[in-house]
Each structure stands twice: as C-alpha cells, then as structure tokens.
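# Coordinates in review
The lines below spell out each chain.
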Amino acid sequence: MQEDDRTLTLRVADRTDLVTIPIADIESREISATSMMPEGILANLTDREVIDMFAYLQSSQQVLLPQ
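Residues numbered from 1 in each chain as written. Predicted model: local features only at pLDDT ≥ 70, side-chain atom pairs only at ≥ 80, totals over all residues. Heavy atoms only, no water.

## Thoughts on the overall build of the protein chain
- When you go through the protein chain residue by residue, the secondary structure sums to 1 helix and 3 strands.
- Ordered by position from N to C terminus, the α and β elements of the protein chain give β-β-β-α.
- The C-alpha atoms of the protein chain give a radius of gyration of 16 Å, which is well past the 11 Å a tight globule of 67 residues would have.
- The principal-axis extent of the C-alpha atoms belonging to the protein chain is close to 45 × 30 × 15 Å. (Helix = DSSP H or I, 4+ residues; strand = E, 2+ residues; numbered from the N terminus. Rg over C-alpha atoms; globule rule 2.2 N^0.38 Å.)

Rendered as structure tokens:
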C-alpha cells in the first residue's frame, strides 16, 4: 500500500495490477482485525512451502510456474 495526500494505491486480491483511488473518493476506512489469508492455510504445508509462499507474497513481480 502506498498513500500520499491525494491517492491511495493498493494491491487487490483478484488483480495483478495496482489500483489507485483518489483520497477524496474514500467515504470511510477501517483496519480489519482478521487477515485476508484463509484460516489454517499453513497447517498442511511443509516448512519449505511456507517459506516459498511468503517469498512469493512479498514479491512485487509475477513469477513463472515451475515446469
């Protein structure tokens, strides 16, 4: 997320590009107490899969699928 005096730029779950919204168009804002990540998603993953997933989530570029 990036924010300045005029705009708020977000990464949205179902899009690959960033969405920029004028601050003047925002009626209200609140911080969610719950994560967007589904509950228990890490339970069935190996340590390596968890590390890989978080590396992917922190990346700003699309990565190629393994062959």
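That shown, we press on.
## What about the pattern of salt bridges?
- In total, this model carries 2 salt bridges according to the counting rule given.
- Note that R48 is salt-bridged to D52, the shortest N-O span being 3.0 Å. Taken together, the positions of R48 and D52, both in helix α1 (residues 47-58) and 4 residues apart, correspond to about one turn of that helix.
- Residue D52 is classed as partly exposed on the basis of its relative accessible area of 40%. (Salt bridge = Lys/Arg side-chain N within 4 Å of Asp/Glu carboxyl O. Buried < 20%, exposed > 50% of the residue type's maximum accessible area, 1.4 Å probe, protein only.)

## Re the layout of surface pockets
- There is about 760 Å³ of room inside the largest pocket.
- As for the largest pocket, its lining consists of 19 residues, and the residues nearest its centre are R11, V12, A13, R15 and L57.
- Elements represented by at least two residues in the lining of the largest pocket include exactly β2 (7-11) and α1.
- In terms of residues, the lining of the largest pocket owes the most to one element, α1, which gives 3 residues.
- Reported here for the second largest pocket is a volume of approximately 170 Å³.
- Looking at the second largest pocket, the residues that line it are M1, L8, L10, S28, R29, E30 and I31.
- Split into classes, the residues belonging to the lining of the second largest pocket amount to 4 nonpolar, 1 polar and 2 charged. (1 Å grid on protein atoms, 1.4 Å probe; cavity = no way out; pocket = protein on both sides within 12 Å on 5 of 7 lines; lining within 4 Å. Points joined across faces, edges and corners; volume = space filled by probe spheres on them. Nonpolar A, V, L, I, M, F, W, Y, C, P; charged D, E, K, R; others polar.)

Structural measurements only, silent on function.
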